[in-house]
Amino acid sequence: MAPGESRSRPSAAGRRFKRRELSLAEGGKLILRGDGSILQTDAAGETTGTWVAGDPDWARYAIRFGLQPQALTVAPHGRREPDPRPQVG
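This one's a predicted model, so the numbers in the text were calculated from it and none came from an experiment.

Along the backbone of the protein chain there are one helix and four strands. If you list the helices and strands of the protein chain from N to C, you get β-β-β-β-α. Evaluated residue by residue, the protein chain yields a buried proportion of 26% over its 89 residues. The contacts in the protein chain between residues at least 6 apart in sequence include a share of 27% that link residues at least 24 apart. About 7200 Å² of surface is accessible on the protein chain, with carbon and sulfur atoms providing 50% of the total.

Right under this line is the structure:
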(Lines give C-alpha, C1' and ligand atoms only; values in the text may rest on other atoms or scores of the structure.)
Protein backbone atom coordinates (compact mmCIF):
# COMPACT_ATOMS: atom_id res chain seq x y z
CA MET A 1 0.00 0.00 0.00
CA ALA A 2 1.36 3.43 -0.95
CA PRO A 3 2.01 6.02 1.76
CA GLY A 4 -1.06 8.07 2.60
CA GLU A 5 -3.53 5.46 1.40
CA SER A 6 -6.14 4.10 3.75
CA ARG A 7 -7.51 0.60 3.93
CA SER A 8 -10.81 1.81 5.33
CA ARG A 9 -12.38 3.05 2.09
CA PRO A 10 -16.03 2.10 1.79
CA SER A 11 -16.74 -0.49 -0.84
CA ALA A 12 -19.40 -0.11 -3.48
CA ALA A 13 -22.73 -0.65 -1.74
CA GLY A 14 -21.07 -2.83 0.90
CA ARG A 15 -19.65 -5.21 -1.68
CA ARG A 16 -16.20 -6.78 -1.43
CA PHE A 17 -14.18 -7.70 -4.50
CA LYS A 18 -11.57 -10.40 -5.00
CA ARG A 19 -8.13 -8.84 -5.53
CA ARG A 20 -6.89 -9.53 -9.05
CA GLU A 21 -4.14 -8.33 -11.38
CA LEU A 22 -4.00 -8.16 -15.16
CA SER A 23 -0.77 -7.62 -17.07
CA LEU A 24 -0.95 -4.97 -19.79
CA ALA A 25 0.77 -5.21 -23.18
CA GLU A 26 2.87 -2.11 -22.49
CA GLY A 27 4.34 -3.73 -19.37
CA GLY A 28 2.14 -2.30 -16.62
CA LYS A 29 -0.70 -3.84 -14.64
CA LEU A 30 -4.32 -3.21 -13.76
CA ILE A 31 -5.05 -4.14 -10.15
CA LEU A 32 -8.54 -4.64 -8.74
CA ARG A 33 -8.48 -4.13 -4.97
CA GLY A 34 -10.87 -5.56 -2.38
CA ASP A 35 -12.69 -2.24 -1.97
CA GLY A 36 -13.45 -2.11 -5.71
CA SER A 37 -10.86 0.51 -6.63
CA ILE A 38 -8.71 -0.09 -9.68
CA LEU A 39 -5.04 0.92 -9.93
CA GLN A 40 -3.04 1.16 -13.12
CA THR A 41 0.73 0.84 -12.84
CA ASP A 42 3.48 1.30 -15.40
CA ALA A 43 6.30 -1.17 -16.09
CA ALA A 44 8.34 0.28 -13.20
CA GLY A 45 5.48 -0.30 -10.73
CA GLU A 46 4.54 3.38 -10.33
CA THR A 47 0.82 4.16 -10.09
CA THR A 48 -0.38 5.98 -13.21
CA GLY A 49 -4.12 5.98 -12.54
CA THR A 50 -6.68 5.21 -9.85
CA TRP A 51 -10.44 4.75 -10.16
CA VAL A 52 -12.96 4.02 -7.41
CA ALA A 53 -16.33 2.35 -7.85
CA GLY A 54 -18.81 5.07 -8.70
CA ASP A 55 -16.27 7.02 -10.78
CA PRO A 56 -17.60 7.48 -14.36
CA ASP A 57 -14.41 5.96 -15.84
CA TRP A 58 -14.39 2.99 -13.43
CA ALA A 59 -16.58 0.85 -15.73
CA ARG A 60 -14.13 1.31 -18.61
CA TYR A 61 -11.44 -0.53 -16.64
CA ALA A 62 -13.67 -2.85 -14.58
CA ILE A 63 -14.97 -4.55 -17.73
CA ARG A 64 -11.50 -6.07 -18.14
CA PHE A 65 -12.12 -7.96 -14.88
CA GLY A 66 -15.58 -9.05 -16.06
CA LEU A 67 -17.36 -6.49 -13.87
CA GLN A 68 -20.16 -4.14 -14.83
CA PRO A 69 -21.54 -1.29 -12.74
CA GLN A 70 -24.93 -1.98 -11.22
CA ALA A 71 -27.46 0.53 -10.06
CA LEU A 72 -28.06 0.66 -6.34
CA THR A 73 -31.27 -1.17 -5.45
CA VAL A 74 -33.58 -0.08 -2.68
CA ALA A 75 -36.50 -1.83 -1.01
CA PRO A 76 -39.81 -0.34 -2.20
CA HIS A 77 -41.67 1.95 0.17
CA GLY A 78 -45.33 1.64 0.94
CA ARG A 79 -47.76 -0.27 3.05
CA ARG A 80 -47.09 -3.90 3.46
CA GLU A 81 -50.26 -5.73 4.14
CA PRO A 82 -50.27 -9.45 4.71
CA ASP A 83 -52.23 -11.51 2.24
CA PRO A 84 -55.75 -12.01 3.51
CA ARG A 85 -56.36 -15.64 4.39
CA PRO A 86 -59.75 -17.17 4.65
CA GLN A 87 -60.78 -18.03 8.18
CA VAL A 88 -61.34 -21.70 8.76
CA GLY A 89 -64.09 -22.83 11.05
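Strand order in the open sheet made by the four strands is β1-β2-β3-β4, with antiparallel pairing throughout. Only two strands of the sheet have a single neighbouring strand rather than two, namely β1 (20–23) and β4 (47–51). With direction set aside, neighbouring strand axes in the sheet form an average angle of 15°. Relative to strand β3 (residues 38–41), strand β2 (residues 29–32) runs antiparallel, the two sharing four bridges. Paired with leucine 30 across the strands is glutamine 40, a residue of β3.

Below, the discussion takes up the environment of alanine 25. Here alanine 25 lies in the loop between β1 and β2. Relative accessible area serves as the criterion here: at 85%, alanine 25 is assigned to the exposed category. The spacing of alanine 25 and alanine 43 is 18 residues in sequence and 9.9 Å in space, taken between C-alpha atoms.

Turning our attention to the pattern of salt bridges. Per the stated rule, a full pass over the model turns up two salt bridges. As a salt-bridge pair, arginine 19 and glutamate 21 come within 2.9 Å of each other at their nearest N and O atoms. Among the ionic pairs, lysine 29 bridges to glutamate 21, the shortest N-O distance being 3.0 Å. The class for lysine 29 is partly exposed, based on a relative accessible area of 33%. Judged by its relative accessible area of 38%, glutamate 21 falls in the partly exposed class. What emerges from the salt-bridge pattern is a single network uniting Arg19, Glu21 and Lys29.

What counts, and at which threshold
Residues numbered from 1 in each chain as written. Predicted model: local features only at pLDDT ≥ 70, side-chain atom pairs only at ≥ 80, totals over all residues. Heavy atoms only, no water. Helix = DSSP H or I, 4+ residues; strand = E, 2+ residues; numbered from the N terminus. Buried < 20%, exposed > 50% of the residue type's maximum accessible area, 1.4 Å probe, protein only. Contact = heavy atoms within 4.5 Å. Areas by Shrake-Rupley, 256 points an atom, 1.4 Å probe, with all protein chains shown as cover. Pairing = 2+ DSSP bridges. Axes fitted to C-alpha atoms, helices over the stretch in contact; angles between N-to-C directions. Salt bridge = Lys/Arg side-chain N within 4 Å of Asp/Glu carboxyl O.

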